[in-house]
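Each chain is listed here by its residues.
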Amino acid sequence: MKVSLKKWEDNDFASLAKICNDVDRTYLTGRLPYPYTDDDARWWLDMISKHEGKDGIYRAILVDEKIVGNISIEQKQDVFVKDAELGYMLDKSYWGKGIMSMAVSQICKLAFAELDIVRISAELFVGNIASAKVLVKNGFCLEGVRKSAIWKNEQFYDLQMYGLLKKVVE
C-alpha cells in the first residue's frame, strides 16, 4: 500500500464531492455542506488554488493512486499568523491502516518547509480517539481542553487542543 499526497486539480471535483458526501461526520464541524455538490467541490478547488503555497497547503490523500481523503494546513491570520490549523478526513473504509498518520507526517513537513509558520494546531472533539492517536504519533502534544466548547446535535462536547512546534519536526 502506497500512501501519497497530491495537489488537488480542477478535474478532481467528483472525487472530492464523493469523499465529502461519504465521510463520517461524527467529529466534523458543521461547515462542510451536506449534500456536498459538484458546485461545492468546484468552489473549494477554486478557493484553494488561490491560497496554495501562500497561506495554506491542500492535498488529496492517495492510496495506490486512488483519492481516499483530504488533508490541509491553513495559516491563521492577525497575531496568530505564525500558527496554522490542520484538518483532514478519510474514507471510512480506509480507517485503521495507518494512512492518516502517514498523511499527517507528510503534510506537516511540507507546511513547515513552505509556509512561514512555527507551529501547527489541531482541535478535536474529546472522544475522537483515533485522531488523537494520529496526532500524538506525529509529535503533537495535548495543550489543553476547552470544556463545553462545541455545540453539535443539541449537545455540548469538550474540545482538545493539540500543537506541534517546528523545532520538533526539524
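S.K.: Just to check I follow, could you spell out the pattern of salt bridges for this structure?
M.R.: A side chain of one charge can pair with a side chain of the opposite charge when the charged atoms of the two come close. For the structure shown, the criterion picks out 14 salt bridges. D39 is paired through a salt bridge with R42; the nearest N and O atoms lie 3.8 Å apart. Taken together, the residues span about one helical turn, with D39 and R42 both in helix 2 (residues 38-51) at a distance of 3 residues. By relative accessible area, which is 57% here, D39 ends up exposed. The closest approach of N and O atoms between K76 and E85, which form a salt bridge, is 3.5 Å. Residue K76 is classed as partly exposed on the basis of its relative accessible area, which comes to 24%. Each of the salt bridges in this network shares a partner with another, and the network as a whole consists of K76, D83, E85, R119 and E143.

S.K.: For this particular structure, what's the right way to read the side chain of D12?
M.R.: Note on placement: D12 falls in the loop between strand 1 (3-7) and helix 1 (13-22). Classification of D12 as buried rests on a relative accessible area of 8%. A polar contact is formed between the side chain of D12 and the backbone nitrogen of E9, at a distance of 2.8 Å. In this structure D12 touches K6, K7, L45 and I67, once residues within four positions along its chain are discounted.

S.K.: Is there a simple way to think about the nonpolar core in this case?
M.R.: Among the nonpolar cores identified, the biggest contains 32 residues, and I71, L86 and F140 are the most heavily contacted of them. Put simply, the parts of the chain that give this core at least two residues each are strand 1, strand 2 (56-63), strand 3 (66-75), strand 4 (83-90), helix 3 (99-114), strand 5 (119-125), helix 4 (129-137) and strand 7 (155-165). At 8 residues, the largest contribution of residues to this core is made by helix 3. Ignoring any residue separated from it by four or fewer positions in sequence, one finds L86 in contact with I71, S72, I73, V104, I107, I120, S121, A122, L135 and F140. If you look at the next biggest cluster of nonpolar residues, it comprises 20 residues, including I48, Y58, A60 and I67.

S.K.: Just to check I follow, could you spell out the layout of surface pockets for this structure?
M.R.: There is about 1,600 Å³ of room inside the largest pocket. Of all the secondary-structure elements, those providing two or more residues to the lining of the largest pocket are helix 1, helix 2, strand 3, strand 4, helix 3, strand 5, helix 4 and strand 6 (141-152). Taken together, the residues of the lining of the largest pocket sort by class into 28 nonpolar, 12 polar and 10 charged.

S.K.: I keep staring at helix 1 and nothing clicks. Help me out?
M.R.: Each α-helix winds once per 3.6 residues, and so residues spaced three or four apart point in a common direction. Within helix 1 the residues assigned to the buried category are F13, L16, A17, I19 and C20. All buried residues of helix 1 lie within an arc of 165° about the axis, which places them on one face of the element. Packing partners of the buried residues in helix 1 comprise helix 2, strand 3 and strand 4.

S.K.: What is the right way to look at the sheet that holds strand 1 in this model?
M.R.: Each strand in a sheet pairs with its neighbour through backbone hydrogen bonds, running either in the same direction (parallel) or in the opposite one (antiparallel). As summarised here, the arrangement of the 7 strands in space is 1-2-3-4-5-7-6, forming an open sheet in which the pairing is mixed. The open sheet is flanked by strand 1 and strand 6, the only strands paired with a single partner. Sheet twist, expressed as the mean angle between neighbouring strand axes with direction ignored, is 30°. Summarising the sheet, strand 5 and strand 7 pair through 7 bridges and their orientation is antiparallel. Considered in strand 7, the bridge of A122 is made with Y162. Its contacts with the sheet put helix 1 on strand 3 and strand 4, and the angle it makes with strand 3 is roughly 85°.

What counts, and at which threshold
- Residues numbered from 1 in each chain as written.
- Predicted model: local features only at pLDDT ≥ 70, side-chain atom pairs only at ≥ 80, totals over all residues.
- Heavy atoms only, no water.
- Salt bridge = Lys/Arg side-chain N within 4 Å of Asp/Glu carboxyl O.
- Helix = DSSP H or I, 4+ residues; strand = E, 2+ residues; numbered from the N terminus.
- Buried < 20%, exposed > 50% of the residue type's maximum accessible area, 1.4 Å probe, protein only.
- Polar contact = N/O pair within 3.5 Å; in protein donor to acceptor, adjacent residues only side chain to side chain.
- Contact = heavy atoms within 4.5 Å.
- Core = buried A, V, L, I, M, F, W, Y, C linked by side-chain atoms within 4.5 Å.
- 1 Å grid on protein atoms, 1.4 Å probe; cavity = no way out; pocket = protein on both sides within 12 Å on 5 of 7 lines; lining within 4 Å.
- Points joined across faces, edges and corners; volume = space filled by probe spheres on them.
- Nonpolar A, V, L, I, M, F, W, Y, C, P; charged D, E, K, R; others polar.
- Arc of directions from axis to C-beta.
- Pairing = 2+ DSSP bridges.
- Axes fitted to C-alpha atoms, helices over the stretch in contact; angles between N-to-C directions.

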